[in-house]
Amino acid sequence: GDWTDSETGGFIFDTDTNGEPLFSKQFINSFENFELPKAALKENLVKFINGMGFQYNEVESILTGGLKSVSAVTDFLVQTVNVVHGADVKTLAEEAAHVYVEWLDQSGSHLYKSLYNDITKFKAYREVVEQYGEEYQGSEEMLRKETMGKVLADVIIKGKSELDIDNRVKGWWG
């Protein structure tokens, strides 16, 4: 097909001032709405959550005890992960990471101990303390676990954490 014709499904090229081919803005912008990788990631995260013995639910809204609206909540007592319909896949990744962190804690994992000890060195920890400190009543354990979930969600979504300092995240995986 014609490489410049969007109707044929081929790659769409423009040319720069020197006549060199480059991807057109239309072609690049088409990726902004490309949902397949997100859908596949969501499917894998839901499988992980279910495989860990939790029930995944999409809900219309979630209100916390303080009547604060949130996009997701994991209840470890009844083993449910509730996510508001249409929430970003990062929200689901963070809830899956919280399930994983709790499992590591319950299993007495050395990885959990390393995460727990290192997490306060992350900028994300200070942000979590600022955002959740009052809600968690200053509970160091809850603040650290919240931060671990956020950092691990970055790893799930991006393959790395921009919050990483001194490559600590890579060290957690051996």
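Up top is the structure.
Values in this document were obtained by computation on a predicted structure and should not be read as measured data. Counting restarts for each chain: residues are numbered from 1 in the order of the written sequence. Only residues with pLDDT of at least 70 get local features here, since the model is predicted, and only at 80 or more are side-chain atom pairs given and counted; chain-wide, interface and lining totals rely on the full set of residues. Computation of side-chain values: all heavy atoms of the structure, hydrogens and water removed.

What to know about the overall build of the chain
Now for step 1: The helix and strand inventory of the chain stands at seven helices and seven strands.
Now for step 2: In this text, helices come from DSSP runs of H or I with a minimum length of four residues, and strands from runs of E with a minimum of two, each type numbered from the N-terminal end. Secondary structure elements of the chain occur, N-terminal to C-terminal, as β-β-α-α-β-β-β-β-β-α-α-α-α-α.
Now for step 3: The 174 residues of the chain split such that 34% are buried.
Now for step 4: Any pair of residues with heavy atoms lying within 4.5 Å of one another is described as a contacting pair. Restricting to contacts in the chain with at least 6 residues of sequence separation, those with at least 24 account for 48%.
Now for step 5: For the chain, the accessible surface area stands at approximately 11,100 Å², while carbon and sulfur atoms represent 52% of it. Partly exposed describes any residue whose relative accessible area lies between the buried limit of under 20% and the exposed limit of over 50%, with all areas from a 1.4 Å probe on protein chains only and scaled to the type maximum. Computed with the Shrake-Rupley method and a 1.4 Å probe, the accessible areas treat only the protein chains shown as cover for residues.

Thoughts on the nonpolar core
Now for step 1: Leu45, Ile49, Phe54, Tyr56, Val81, Val83 and Leu92 are the most contacted members of the largest nonpolar core, which has 14 residues in total.
Now for step 2: Looking at this core, the elements that each hand over two or more residues are helix 2 (36–51), strand 7 (80–84) and helix 3 (89–106).
Now for step 3: In terms of residues, this core owes the most to one element, helix 3, which gives five residues.
Now for step 4: Not counting the four nearest positions on each side in its chain, Ile49 is found in contact with Phe54, Tyr56, Val81, Leu92 and Ala96.
Now for step 5: Counting 12 residues, the second-largest nonpolar core is a separate cluster that includes Val101, Leu111, Phe122 and Leu152. Nine residue types can take part in a nonpolar core, namely buried Ala, Val, Leu, Ile, Met, Phe, Trp, Tyr and Cys, and a core is a set of them joined through side-chain atoms within 4.5 Å.

What to know about the packing of helix 3 against helix 4 (residues 110–118)
Now for step 1: Contact pair helix 3 / helix 4: the axes reach a minimum separation of 7 Å and the direction vectors enclose 115 degrees. Helix 4 is crossed by helix 3, and the crossing has left-handed handedness. Residues Tyr100, Val101, Leu104 and Asp105 of helix 3 form the contact with helix 4, whose own contacting residues are Leu111, Tyr112 and Leu115.
Now for step 2: Under the grouping applied here, Gly and all other residues not named as nonpolar or charged are polar, the nonpolar ones being Ala, Val, Leu, Ile, Met, Phe, Trp, Tyr, Cys and Pro and the charged ones Asp, Glu, Lys and Arg. Broken down by class, the residue content of the contact of helix 3 with helix 4 amounts to six nonpolar, no polar and one charged. Fitting a line to C-alpha atoms yields each axis, with helices limited to the stretch in contact; the angle taken between N-to-C directions then spans 0 to 180 degrees. By convention, the crossing between two helices is left-handed when the near helix turns anticlockwise from the far helix through less than a right angle, and right-handed when the turn is clockwise.

Structural notes on the pairing of strand 7
Now for step 1: Counting buried residues in strand 7 gives five out of five residues, a clear majority hidden from the surface.
Now for step 2: The two faces of strand 7 match: Thr80, Asn82 and Val84 on one face and Val81 and Val83 on the other face are all buried.
Now for step 3: In this description, strands pair whenever DSSP reports at least two bridges between them. In this sheet, strand 7 lies alongside strand 3 (residues 55–59) in parallel orientation, the contact comprising five bridges. Within the sheet, the bridge partner assigned to Val59 lies in strand 7 and is Val84.
Now for step 4: Strand direction decides the pairing type here: strand 6 (residues 72–75) and strand 7, joined by four bridges, are antiparallel.

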